[in-house]
Amino acid sequence: MDGTSPRSNVLLVTVDSLRTDAIGPYDAERRTPVIDELGDRGVVFERGFANGNWTPFSFPSIMASQPVFSDSNRIGVEDRPTIAEVASEAGVATGGFNAANGFLTSYWGYDEGFDEFDSFVADVSSSIYGKYLATHPTVEAWLQFAASPFRRLSAKLRGKSDDRPFLDTSRMFDVENAATEFVEARDDDEPFFLWVHYMDAHTPYVPAPRYVREVSGQTVGTHRMLLAHTRTGLGLEVGDSTLDDLRTLYQAAVRQVDASIGRLLDTLEAEGLRDETAVVFAGDHGEEFQEHGHLAHYPKLYDELIHVPLLVDAPGVEADRTDRPVGLDAVPPTVADLLGVEAPDAWEGESLLDPADGPTVDDPADAEPEPAVASDGGAVAEPDVEPGTASEPTDPVVSVTVRGEELTAQPIPRSLDDGDLLVSARDRDWTYIENADTGAAELYHRPSDPDQQENLADDPTPEREAAIERLAPAVASHVARLREDAEGREGASDDEDIDEDLEAQLSALGYR
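Presented here is a report on the structure given in the accompanying data block. Along each chain, residue indices are assigned from 1 in the same order as the chain's sequence is written. Given that this is a predicted model, residues contribute local features only at a pLDDT of at least 70 and side-chain atom pairs are listed and counted only at 80 or more, while totals for whole chains, interfaces and linings are drawn from all residues. Excluded from the side-chain calculations are hydrogens and water; all other atoms, namely the structure's heavy atoms, are used.

1. Regarding the overall build of the protein
Our working definition: In DSSP terms, a helix is any run of H or I states spanning at least four residues, a strand is any run of E spanning at least two, and both are numbered starting from the N terminus. The cut-offs for exposure are 20% and 50% of the maximum accessible area for each residue type, with area from a 1.4 Å probe on protein chains only; residues under the lower value are buried, those over the upper are exposed, and the others partly exposed. Should any heavy atoms of two residues lie within 4.5 Å, those residues are counted as being in contact. Surface accessibility follows the Shrake-Rupley procedure with a 1.4 Å probe radius. Residue values consider only the protein chains on display as shielding.
Counting its secondary structure elements, the protein contains 14 helices and 17 strands. Expressed as a percentage of the 512 residues in the protein, the buried residues total 58%. Of all intrachain contacts in the protein linking residues separated by at least 6 positions in sequence, the fraction that spans at least 24 positions is 71%. Summed over all atoms, the accessible surface of the protein reaches about 20600 Å², with 46% contributed by carbon and sulfur.

2. Describing the pairing of strand β14 (residues 397-403)
Along any regular strand, the residues point their side chains to alternate faces of the sheet. The cut-off we apply is this: The pairing criterion for strands is at least two bridges between them, as found by DSSP.
In terms of burial, β14 is largely enclosed, as six of its seven residues are buried. Sheet topology note: the β14/strand β15 (residues 420-426) ladder contains seven bridges and is antiparallel. The residue bridging Val-397 from the neighbouring strand is Arg-426, located in β15.

3. Considering the sheet that holds strand β11 (residues 310-313)
Put simply, the rule is: In this analysis, axes come from line fits to C-alpha atoms, helices being fitted only over the stretch in contact, and the angle between any two N-to-C directions falls in the range 0 to 180 degrees.
One open sheet holds the eight strands; their spatial order is β5-β4-β6-β1-β7-β11-β2-β12, and the pairing between them is mixed. The strands lining the two open edges of the sheet, one partner per strand, are β5 (116-118) and β12 (320-322). Taken pair by pair, the neighbouring strands of this sheet meet at an average axis angle of 10°, ignoring direction. Here strand β1 (residues 9-15) pairs with strand β7 (residues 277-283) via seven bridges, running parallel.

4. Some words on the pattern of salt bridges
Just so we agree on the cut-off: A side-chain nitrogen of Lys or Arg and a carboxyl oxygen of Asp or Glu constitute a salt bridge if their distance falls within 4 Å.
Here the structure, examined in full by the defined rule, presents 22 salt bridges. A salt bridge links Asp-188 to Arg-186; the nearest nitrogen and oxygen atoms lie 3.3 Å apart. A salt bridge links Arg-483 to Asp-437; the nearest nitrogen and oxygen atoms lie 3.2 Å apart. Of this pair, Arg-483 sits in helix α13 (residues 462-488) while Asp-437 sits in the loop between β16 (430-435) and β17 (441-445); the two residues are 46 residues apart in sequence, bridging distant segments of the chain.

5. Observations concerning a negative patch on the surface
Applicable threshold: The residues that make up patches have over 30% relative accessible area and no salt bridge, and they are joined within 9 Å when like-charged or within 5 Å when they are Val, Leu, Ile, Met, Phe, Trp or Tyr. Asp and Glu count as negative and Lys and Arg as positive, but His and the ends of the chain are not part of the count. Charge positions come from single atoms, namely NZ of Lys, CZ of Arg, CG of Asp or CD of Glu.
The grouping of Asp-115, Glu-116, Glu-181, Glu-184, Asp-187, Asp-189 and Glu-190 at the surface amounts to a negative patch. Among the secondary structure elements, Asp-115 is positioned in the loop between β4 (93-98) and β5.

6. Considerations on the packing of helix α8 (residues 209-216) against helix α10 (residues 240-270)
Our working definition: Each angle gets one of four labels, with under 35 degrees taken as roughly parallel, over 145 as roughly antiparallel, 65 to 115 as roughly perpendicular, and the rest as oblique. Left-handed describes a crossing whose near helix is turned anticlockwise from the far helix through less than a right angle; right-handed describes the clockwise counterpart. Any residue that is not Ala, Val, Leu, Ile, Met, Phe, Trp, Tyr, Cys, Pro, Asp, Glu, Lys or Arg is counted as polar, Gly included; the first ten are nonpolar and the last four charged.
Running from amino to carboxyl end, α8 crosses α10 at an angle of 110°, the nearest separation of the two axes being 8 Å. Judged by the angle between their axes, α8 and α10 are roughly perpendicular. In this structure, the crossing between α8 and α10 has a hand that is right-handed. Contact residues: α8 offers Tyr-211, Val-212, Glu-214, Val-215 and Ser-216, while α10 offers Thr-248, Leu-249, Gln-251, Ala-252, Arg-255, Gln-256, Ala-259 and Arg-263. Within the contact of α8 with α10, the residues separate by chemical class into six nonpolar, four polar and three charged.

7. Re helix α7 (residues 172-184)
Let me state the cut-off plainly: To estimate how far a helix should extend, the number of its residues minus one is multiplied by 1.5 Å.
Across its 13 residues, α7 extends 18 Å between first and last C-alpha, which sits within 8% of the 18 Å expected from 1.5 Å per residue. Three or more residues of α7 are buried, namely Met-172, Phe-173, Val-175, Glu-176, Ala-178, Ala-179, Thr-180, Phe-182 and Val-183.

8. Regarding the environment of Glu-287
To keep things clear, this is the line we draw: Residues adjacent in sequence count toward polar contacts only when both atoms are side-chain atoms; beyond that, a polar contact is any pair of N or O atoms within 3.5 Å, and within protein one must be able to donate a hydrogen and the other to accept it.
Checked against the element boundaries, Glu-287 lands in the loop between β7 and β8 (288-289). C-alpha of Glu-287 to C-alpha of Glu-304: the two residues are 17 residues apart in sequence and 5.9 Å apart in space. If near-sequence neighbours (up to four positions away) are discounted, Glu-287 is found in contact with Ser-17, Arg-19, Ala-201, Thr-203, Tyr-205, Tyr-250, Ala-296, His-297, Glu-304 and Leu-305. Polar side-chain contacts of Glu-287 include one of 2.4 Å to the side chain of Tyr-205.

9. Some words on the nonpolar core
In plain terms, the rule: Joining through side-chain atoms within 4.5 Å is the link that ties buried Ala, Val, Leu, Ile, Met, Phe, Trp, Tyr and Cys residues into a set, and such a set is a nonpolar core.
If you look at the biggest cluster of nonpolar residues, it comprises 68 residues, and the most contacted ones within it are Met-63 and Phe-193. Looking at this core element by element, the count peaks at seven residues for α13. Judged by nonpolar contacts, the second largest core, of 51 residues, contains Met-199, Ala-208, Ala-252 and Ala-259.

10. Considerations on helix α12 (residues 331-339)
By the criterion of burial, α12 is predominantly enclosed, with nine of the nine residues buried. Every buried residue of α12 is accounted for by Val-331, Pro-332, Pro-333, Thr-334, Val-335, Ala-336, Asp-337, Leu-338 and Leu-339. In this fold, the buried residues of α12 make contact with β1, α2 (55-64), α3 (83-89), β6 (192-198), β7 and β11. Where α12 ends, the next residue or the one after it, Gly-340, has phi of about 75°, a positive value.

11. What to know about the packing of helix α1 (residues 33-41) against α10
Their axes nearest at 7 Å, the elements α1 and α10 cross at an angle of 65°. Residue-level contacts link Pro-33, Val-34, Ile-35 and Leu-38 of α1 to Arg-255, Asp-258, Ile-261, Gly-262 and Leu-265 of α10. For the contact of α1 with α10, the class distribution of residues is six nonpolar, one polar and two charged.

By themselves these figures say nothing about function.
Rendered as structure tokens:
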């Protein structure tokens, strides 16, 4: 699609902390009706990968098609051309609504280019408290969660449903209502780009009771919900029962998001816009449930955090599935193609649309088969997939994180100086991870080891050595680039515009 092609509207839906196995297009046992239909109508990218392990490390790619820390000392997108800016300059109406993730606010530049924008957090420029929320994005959610039993009791005393007190915690209705109003108030002759970001699947998981019942056939009352989150928040041991509760709450929260997306699509239908609006759907990163010893999304680069859903349902595009690895930096150029606007040279990802206006998908006949599984459940010989085949892109997908001395330390690192730099590279079947500061390396063959438990880096075979030879240069190149950029910014501070009072308060709380 080029700049002369007819424009479609674009709805970009991003869901915080969304695992691939939480939705139907990636796990047949899950029921997420609205997202399932998007997958049935559009193209499912089975190997979509985040470029970072949590929101501030992932979203520079999602909104500006550039990796975190590239050409900027900030984790946001200031001074980078974003989707909204490119669309707005081309005459597209733009609206962006974020469900109170403090790392996606005007403080980090995410409002640039939007005609209408609301992050539903305190004004980060008005007070120390507001700035604190901007740099610690889950604080407000936890405060609301702690108050939820009292809101629920109040609702019952007033004879109202108990759903709203729980839904309010995620700011889902705020985002949904703002997006609905944006669509209904649009100029009929003006195409639009609308971005909505949901936080329901981000801890704390506080779904409405009906969605808990829907996904599990049971209830998880306020007491059990508080107990589960309190144990995790205090770092106490989480047993199987608590872990099951957390998984149930998480899955119910995903189902809650699914219903909200459905109501937005109903609005598009009512306005006569559904058939001319493309929907791009993605998770910004995943969520860990102790696959590697922790909960939530601490600084790691395994698949439970990096493998993310990515769907494109666009007018005129046939339904399909592809196993070609793609990074989330493909989102901005894809949106630009759908809008019929020119992507800036600064964007590093490649559009998922081919010149025939359809996603670039692989011919199943050309794809390498999945490895066979032995009768005892073990994997047999690993496939030797050479680069350049139909299902193997030339460039692997690179992801980064920064790990401090304490793995679970908060807040999220905001510069390369906050710990060791870890970089991973993925092709269709292999994951290579390297600690750029210590040199420690990990190699995983995902088809035979989907949970990435067996590090093969120190047990070479020809296939494994070939995988390292393909992936290690991508890691080394990315590390060199970030180091070079950091040297060019030496002396600059990520928080240079945060006042001394806030710095003192953060230090008093043990934050950097």
